[in-house]
Amino acid sequence: MQILVTGGAGYIGTHTCVALLYAGHQVVVIDNFSNSHPQALKRVEAITGQSITCFEGDVGDKALLQRIFSQYEFDGVIHFAGSKAVGESVEKPLMYYCNNVTASQTLIECMLEADVQALVFSSSATVYGDPHTVPIDESFPLAPTNPYGRSKYMVELIMQDTCVAFERFSAIILRYFNPVGAHPSGLIGEDPNGIPNNLMPFIAQVACGKREQLSVFGNDYPTTDGTGVRDYIHVCDLAEGHVAALEQLAANPGSHIINLGTGQGVSVLEMVKAYESASEQPVPYRIAPRRPGDVAKCYANANRAKSLLGWQATRDLTDMVASSWHWQSNNPNGYQGDKE
């Protein structure tokens, strides 16, 4: 199949491009490089030995999308492009609704015009808000607590309504939890701009000496060690889940919502200890007050992914931290060290 990957130069996008190419599919990327680097795609080509066509631009640019769709006969689209920082979304809600919701609507309009009928969407467990219990399954009520989560929920609704209105249009919404780790080659991985928003890249930067210490927000939660528990999923497992979803749409059209997670929770301090073991470096931390909106436990029920996609996570915490450290220690400045 020939697949358009929006945001394909990003963290999850690059790993999914690798998985698509390994599976025998062809890939075209559109990315504006606002939170990614062109060199990441060069490294995908190095890993796979295959070339990738990339268009630089916004998914919200309808003229650009129309030009891309006129040049290629796509079998489907995997849609990653969008803004993704919870805190920033609170400060800049209109930007998030524009980048995530309006742009997604433009993408779907162009897909319909070009008769491209299969869409896999990168959604998030943030749509669940503060779950009443764990593990979280897809039937849970949705109550996103920030503009980022609400923007993901809005796109989900647009996709579901489109599937109802256009019988041939099919979509899989993938709600995933906390992607971590890197490709085993160490050539691609998470390269956040500025201060990392997520736990593992922050730990990685402490371990390699870029940052002095980690702030652990709260140690009085009702968990085994008092710190928050989350479902961390290896990015390569996640990428393979997207390929499985795309291939499933060909055999089982319609609208589907699927969690991608391991179904197991890992606490902040468990992650710190695992990273210290993998890196053989200390990860100093301090206990800080709880952050508003944080919950004690959040992890997935991933049974639907296994039954519908034939997919389940196979990489464990050891794999996650070892691959992350392999990437971080070999690329302390991310892709910035690469020459154009």
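Under the annotation held in an unreviewed UniProt entry, the protein chain carries the name UDP-glucose 4-epimerase and is attributed to Marisediminitalea aggregata. Listed in UniProt under the heading Sequence similarities (unreviewed entry), the comment for the protein chain reads: "Belongs to the NAD(P)-dependent epimerase/dehydratase family." UniProt's Catalytic activity (unreviewed entry) comment on the protein chain is quoted here verbatim: "UDP-alpha-D-glucose = UDP-alpha-D-galactose".

Structural notes on helix H7 (residues 199–207)
For H7, the buried fraction is high: 9 of the 9 residues fall into the buried class. Among all positions of H7, only Leu199, Met200, Pro201, Phe202, Ile203, Ala204, Gln205, Val206 and Ala207 are buried. Contacts from the buried residues of H7 go to strand E7 (178–180), strand E8 (214–217), strand E10 (232–234), helix H9 (268–279) and helix H11 (317–330). Positive backbone phi, approximately 90°, marks Gly209, located one or two places after H7.

Comments concerning empty space enclosed by the protein
Considering all chains together, one arrives at 1 cavity of 30 Å³ or more under this definition. As a volume, the largest cavity reaches approximately 30 Å³. Elements with a minimum of two residues in the lining of the largest cavity: helix H5 (93–113) and helix H6 (147–165). When grouped by side-chain class, the residues that make up the lining of the largest cavity number 3 nonpolar, 3 polar and 1 charged.

Remarks on the environment of Met111
When you line up the elements, Met111 lands in helix H5. Relative accessible area serves as the criterion here: at 0%, Met111 is assigned to the buried category. Each C-alpha atom, one on Met111 and one on Phe69, is 7.7 Å from the other, the two residues being 42 residues apart in sequence. Not counting residues up to four positions away in its chain, the partners in contact with Met111 are Phe69, Val77, Val116, Ala118, Leu119 and Phe169.

Here we look at the packing of aromatic side chains
Using the criterion set out here, one finds 5 aromatic pairs in the structure. Seen from their ring centres, Tyr275 and Trp325 are 6.2 Å apart, and the 85° between their planes marks the pair as edge-to-face. Of the two residues, Tyr275 sits in helix H9 while Trp325 sits in helix H11, which places them 50 residues apart along the sequence. Taken as a pair, Tyr275 and Trp325 share a single burial class, namely buried.

Quick word on the sheet that holds strand E9 (residues 229–230)
Strands sit in the order E12-E9-E14 across an open sheet of 3 strands; the sheet is mixed. Both edges of this open sheet fall to strand E12 (266–267) and strand E14 (297–298), since each of them pairs with a single strand only. Of the strand pairs in this sheet, E9 and E14 are connected by 2 bridges, and their pairing is parallel. Within E14, the residue paired with Arg230 across the bridge is Cys298.

Topic: unusual backbone geometry
Between Val134 and the following residue, Pro135, the backbone shows a cis peptide bond with an omega angle of 0°. Residue position: Pro135 is located in the loop between strand E5 (118–124) and H6. The backbone phi angle of Phe33 is positive, close to 60°, even though this residue is not glycine. When you line up the elements, Phe33 lands in the loop between strand E2 (26–31) and helix H2 (38–48). On the basis of relative accessible area, Phe33 is assigned to the buried category, the value being 16%. With a phi angle near 55°, Glu280 is a residue other than glycine that sits in the positive phi range. Relative to the helices and strands, Glu280 resides in the loop between H9 and strand E13 (285–288).

Some points on the sheet that holds strand E4 (residues 76–79)
Across the sheet, which stays open at both edges, the 7 strands sit in the order E3-E2-E1-E4-E5-E6-E11 with parallel pairing between neighbours. Because the sheet does not close on itself, it has two edges, and the strands there are strand E3 (53–56) and strand E11 (255–260). Across this sheet, the average inter-strand angle for adjacent strands is 20°, counted without regard to direction. Judged from the 4 bridges that link them, E2 and E3 form a sheet pairing that is parallel. Residue pairing in the sheet places Val29 in a bridge with Cys54 of E3. Sheet strands touched by helix H1 (residues 11–22): strand E1 (2–6), E2, E4 and strand E6 (170–176). Its angle to E2, the strand with the most contacts, is close to 165°. Across the sheet, H6 lies against E5, E6 and E11, angled at about 155° from E5, the strand it touches most.

Observations concerning the environment of Ser277
Mapping Ser277 onto the fold places it in helix H9. Taking relative accessible area as the criterion, Ser277 reaches 57% and is therefore assigned exposed. Distance in space between the C-alpha atoms of Ser277 and Arg67 is 50 Å, their sequence separation being 210 residues.

What about the pattern of salt bridges?
Evaluated as defined, the whole model comprises 10 salt bridges. With a shortest N-O distance of 3.9 Å, Glu138 and Arg304 are connected by a salt bridge. Of this pair, Glu138 sits in the loop between E5 and H6 while Arg304 sits in helix H10 (residues 303–309); the two residues are 166 residues apart in sequence, bridging distant segments of the chain. Classification of Glu138 by relative accessible area gives buried; the value is 11%. On the basis of relative accessible area, Arg304 is assigned to the partly exposed category, the value being 32%. We note a salt bridge from Asp237 to Arg315, for which the minimum N-O separation is 2.5 Å. Taken together, the residues Asp237 in helix H8 (residues 235–251) and Arg315 in the loop between H10 and H11 connect sequence positions 78 residues apart.

The rules behind these values
- Residues numbered from 1 in each chain as written.
- Predicted model: local features only at pLDDT ≥ 70, side-chain atom pairs only at ≥ 80, totals over all residues.
- Heavy atoms only, no water.
- UniProt positions renumbered as here; feature names shortened; annotations may be inferred.
- Buried < 20%, exposed > 50% of the residue type's maximum accessible area, 1.4 Å probe, protein only.
- Helix = DSSP H or I, 4+ residues; strand = E, 2+ residues; numbered from the N terminus.
- Contact = heavy atoms within 4.5 Å.
- 1 Å grid on protein atoms, 1.4 Å probe; cavity = no way out; pocket = protein on both sides within 12 Å on 5 of 7 lines; lining within 4 Å.
- Points joined across faces, edges and corners; volume = space filled by probe spheres on them.
- Nonpolar A, V, L, I, M, F, W, Y, C, P; charged D, E, K, R; others polar.
- Phe/Tyr/Trp six-rings, centres within 6.5 Å; stacked < 30°, edge-to-face > 60°.
- Pairing = 2+ DSSP bridges.
- Axes fitted to C-alpha atoms, helices over the stretch in contact; angles between N-to-C directions.
- Salt bridge = Lys/Arg side-chain N within 4 Å of Asp/Glu carboxyl O.

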